[in-house]
Amino acid sequence: MLELRPNCECCDRDLPPDSDQARICTFECTFCADCVESRFSGVCPNCGGDLSARPIRPAAALHRFPASLKRVYKAHTACAAVRPPPRPEGPSPSWA
């Protein structure tokens with residue numbers, strides 16, 4: 001089952017489970033559409049595979065099969081200029 005990771009590994013943009021802006025590869029590396037198009041040309045910088053639209057899990061299934069809350073960051077050279085400062089630990093996003 002897909003983890004539905006909560007953020008873009010590059011710019012840290014929030015990607016809620018119902019986001020149509022989330023892109024993933026076969027290893028579930030997760031990026032926003034903007035980073036995929038402007039920085040990676042549709043290719044995953046981790047594995048070299050295609051990045052495709054992430055499926056949206058029906059809201060009724062999220063209660064039983066929730067999205068991941070673990071944020072993932074990778075040190076991609078293309079992301080260095082857009083990476084925001086680390087987020088303080090705090091409450092979960094409103095969609096969690």
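Now for a quick tour of the structure. Every chain begins its residue count from 1, and numbering advances along the sequence as written. Local features are withheld for residues below a pLDDT of 70 in this predicted model, meaning they are given only at 70 or higher, and side-chain atom pairs are given and counted only at 80 or more; totals for whole chains, interfaces and linings count all residues. With hydrogens and water stripped out, all remaining heavy atoms of the structure feed into the side-chain values.

### What to know about the sheet that holds strand β2 (residues 30-32)
- Following DSSP output, two strands are said to pair if at least two bridges run between them. The way it works is that DSSP assigns letters per residue, a run of H or I at least four long becomes a helix, a run of E at least two long becomes a strand, and they are numbered from the N terminus. Strands sit in the order β2-β1-β3 across an open sheet of 3 strands; the sheet is antiparallel. Only two strands of the sheet have a single partner each, and these edge strands are β2 and β3 (52-53).
- One ladder, built from 2 bridges, connects strand β1 (residues 22-24) with β3; its direction is antiparallel. Opposite isoleucine 24, over in β3, you have serine 52 as the bridge partner.

### Structural notes on the side chain of serine 68
- Looking at the element boundaries, serine 68 is found in the segment after α2 (59-62).
- The class for serine 68 is buried, based on a relative accessible area of 16%.
- Excluding residues that lie within four positions of it along the chain, serine 68 makes contacts with Glu3, Leu4, Arg5 and Pro6. For every residue, the accessible area obtained with a 1.4 Å probe (protein chains only) is divided by the maximum for its type, and the residue is called buried under 20%, exposed over 50%, and partly exposed between those limits. The contact criterion used throughout is that any non-hydrogen atoms of two residues lie within 4.5 Å.

### Brief notes about the pattern of salt bridges
- Criterion for a salt bridge: a side-chain nitrogen of Lys or Arg within 4 Å of a carboxyl oxygen of Asp or Glu. Under the criterion given, the structure shown has 5 salt bridges.
- One salt bridge in this structure joins aspartate 12 and arginine 71, with 2.9 Å as the shortest N-O distance. Here aspartate 12, found in the segment before β1, pairs with arginine 71, found in the segment after α2; they are 59 residues apart in sequence, far enough to count as distant.
- According to the relative accessible area criterion, aspartate 12 is buried, its value standing at 4%.
- Among the residues examined, arginine 71 registers a relative accessible area of 21% and is labelled partly exposed.
- Residues aspartate 34 and arginine 13 are paired through a salt bridge, measuring 3.3 Å at the closest nitrogen-oxygen approach. Of this pair, aspartate 34 sits in helix α1 (residues 33-38) while arginine 13 sits in the segment before β1; the two residues are 21 residues apart in sequence, bridging distant segments of the chain.
- It is possible to trace a salt-bridge network through shared partners that takes in Glu3, Arg5 and Glu9.

### Thoughts on the nonpolar core
- Take the buried residues of types Ala, Val, Leu, Ile, Met, Phe, Trp, Tyr and Cys, join any two whose side-chain atoms come within 4.5 Å, and each joined set is a nonpolar core. Formed by 15 residues in total, the largest nonpolar core has its most connected members in Cys8, Cys10, Phe31 and Cys35.
- Within the residue set of this core, elements represented by two or more residues are β2 and α1.

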